[in-house]
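Each chain is listed here by its residues.
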Amino acid sequence: MKYETLFIMVRVAVHADHTSIAEIVNEVETQSKLSLTDTANVNILETEIFLSRVRNIKNIIHGKR
């Protein structure tokens, strides 16, 4: 079997009780799970979030209001 590293980008739409996008991103990165399952010919060994990006930068609240 050949070992390879695949980079998969996903889009996640969320509804959250947080007021800050930074809090949402932090919670998703630290507490949620990304699930990929094995297939007949591919065994998933590990998944990891490499990058979190916000589509609309205007949604980021800098400092406290």
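Right above here is the structure, for reference.
Worth saying up front: this structure is predicted, and the values here are computed from it rather than measured.

Participant: Requested: an account of a nonpolar patch on the surface, with residues and values cited.
Facilitator: Taken together, the side chains of Leu6, Ile8, Val10, Val12, Val14, Val28, Leu34, Leu36, Val42, Ile44 and Ile49 present a nonpolar region at the surface, about 950 Å² in accessible area. Note on placement: isoleucine 49 falls in the segment after helix H1 (21-31). Owing to a relative accessible area of 39%, isoleucine 49 belongs among the partly exposed residues under this scheme.

Participant: How would you explain the environment of histidine 18 if you had to name every residue and give the values?
Facilitator: If you trace the backbone, histidine 18 turns up in the segment before H1. Look at histidine 18 and you get partly exposed, because its relative accessible area is 31%. Not counting the four nearest positions on each side in its chain, histidine 18 is found in contact with Glu23, Ile24 and Glu27. Side chain to side chain, histidine 18 and glutamate 27 meet in a polar contact 2.6 Å long.

Rules used in this analysis
- Residues numbered from 1 in each chain as written.
- Predicted model: local features only at pLDDT ≥ 70, side-chain atom pairs only at ≥ 80, totals over all residues.
- Heavy atoms only, no water.
- Patch = residues over 30% accessible without salt bridge, like charges linked within 9 Å, V, L, I, M, F, W, Y side chains within 5 Å.
- Areas by Shrake-Rupley, 256 points an atom, 1.4 Å probe, with all protein chains shown as cover.
- Salt bridge = Lys/Arg side-chain N within 4 Å of Asp/Glu carboxyl O.
- Helix = DSSP H or I, 4+ residues; strand = E, 2+ residues; numbered from the N terminus.
- Buried < 20%, exposed > 50% of the residue type's maximum accessible area, 1.4 Å probe, protein only.
- Contact = heavy atoms within 4.5 Å.
- Polar contact = N/O pair within 3.5 Å; in protein donor to acceptor, adjacent residues only side chain to side chain.

Note that all results are geometric; they support no functional claim without further evidence.
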